[in-house]
Amino acid sequence: MKIMISTNMYQACDFARVFELTDAFAGEHVGVEVFSMFHDPAFSGALERSEEKLSALPVSFHGPYARTEHSAPKGTPVYERSMGYYREMLPFAQRLHSSYVVFHHNNCKVLDVNRGTMLRTADENLKELTELSGKAGIPVAVENVGIKAMGNVLLEQEAFIAECRKLSNPVLIDIGHAHANHWDLRHVMEELKDRIISYHVHNNDGVHDCHQRIYNGTLDMNAFLYDVRELTPEADLVLEYAPDVAEDKAGIMEDIKTLCLFRETLS
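Residues numbered from 1 in each chain as written. Predicted model: local features only at pLDDT ≥ 70, side-chain atom pairs only at ≥ 80, totals over all residues. Heavy atoms only, no water.

(A) Focus on the packing of helix α2 (residues 43–54) against helix α3 (residues 77–95). Contact geometry for α2 and α3: axes closest at 12 Å, N-to-C directions at 10 degrees. With respect to each other, α2 and α3 are oriented roughly parallel. Contacts from S44, L47, E48 and E51 of α2 reach α3 at E88, F92 and R95. Of the residues assigned to the contact of α2 with α3, the class counts are 2 nonpolar, 1 polar and 4 charged. (Axes fitted to C-alpha atoms, helices over the stretch in contact; angles between N-to-C directions. Helix = DSSP H or I, 4+ residues; strand = E, 2+ residues; numbered from the N terminus. Parallel < 35°, antiparallel > 145°, perpendicular 65-115°, else oblique. Contact = heavy atoms within 4.5 Å. Nonpolar A, V, L, I, M, F, W, Y, C, P; charged D, E, K, R; others polar.)

(B) How the structure looks around the packing of aromatic side chains. For the structure on display, the rule yields 7 aromatic pairs. Residues F38 and F92 carry aromatic rings whose centres are separated by 5.9 Å and whose planes lie at 35 degrees to one another, so their mutual orientation is tilted. Of the two residues, F38 sits in the loop between β2 (31–35) and α2 while F92 sits in helix α3, which places them 54 residues apart along the sequence. The class for F38 is buried, based on a relative accessible area of 7%. Classification of F92 as buried rests on a relative accessible area of 5%. Judged by centre distance (5.1 Å) and plane angle (80 degrees), the rings of Y199 and F224 are edge-to-face. In this pair, Y199 sits in strand β7 (residues 196–201) while F224 sits in helix α8 (residues 221–231), placing the two residues 25 residues apart along the sequence. (Phe/Tyr/Trp six-rings, centres within 6.5 Å; stacked < 30°, edge-to-face > 60°. Buried < 20%, exposed > 50% of the residue type's maximum accessible area, 1.4 Å probe, protein only.)

(C) Inspection of the pairing of β2 at higher detail. Among the 5 residues that make up β2, 5 are buried, leaving the element largely enclosed by the rest of the structure. Residues G31, E33 and F35 line one face of β2 and the alternating positions V32 and V34 line the opposite face, and both faces are buried. Where strand β1 (residues 3–6) meets β2, 3 bridges bridge the pair, whose relative direction is parallel. Counted as the bridge partner of S6 is E33 from β2. (Pairing = 2+ DSSP bridges.)

Shown next, in the form of structure tokens:
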């Protein structure tokens, strides 16, 4: 198990702030999940300047998200932009020996009349990205995405389980998304335990995708960690916090320490 910190909570120009946290836990070998922001002209340079530091740490990459839609049909401007960001990301991920790249089937709102078409198109694009990443030796991990309150859930609980079983890709479970959508998180973990390689770890109020600290919300974090110990003890834990959490450095460090202590109990 690796403990990772997502850079989702930082602006591109502030990317290097993540090293304040990893340096504080140098002995714990805490890593970084790079949240790709290639829509921001400042991001590539910030990432280049951070490569030396990142090369000494465990690293994973979240695929491009902003202005990206993987349910967009091939040949459309959105598809071309999404693929362009992905191709820009991949050399960084390869040089830094990324454990995986995170994939979203969709980011946009979903209408029932479009659901089947969106899923088929996303599967086609996933296949293309999996082949592209495979050439770089990097697996593509499928994440459960979308929030009911936002109307962008393409795959509900059982449909997501079925989709993951159909695919050959590893799986990343975002526990905050599962909680906000009222999924039975333990059931999902039980069903996909042989495929789960990582978790996005954060908390919320059970409705909104708040990405708050691990004990700031209504998700029972201790119960989740108990299930991790029992079902997927080798899976990575990635703290994926919102930008409004970034200033609480002491709190974030407390959460990292909690997860590091939890990891020690597994050995």
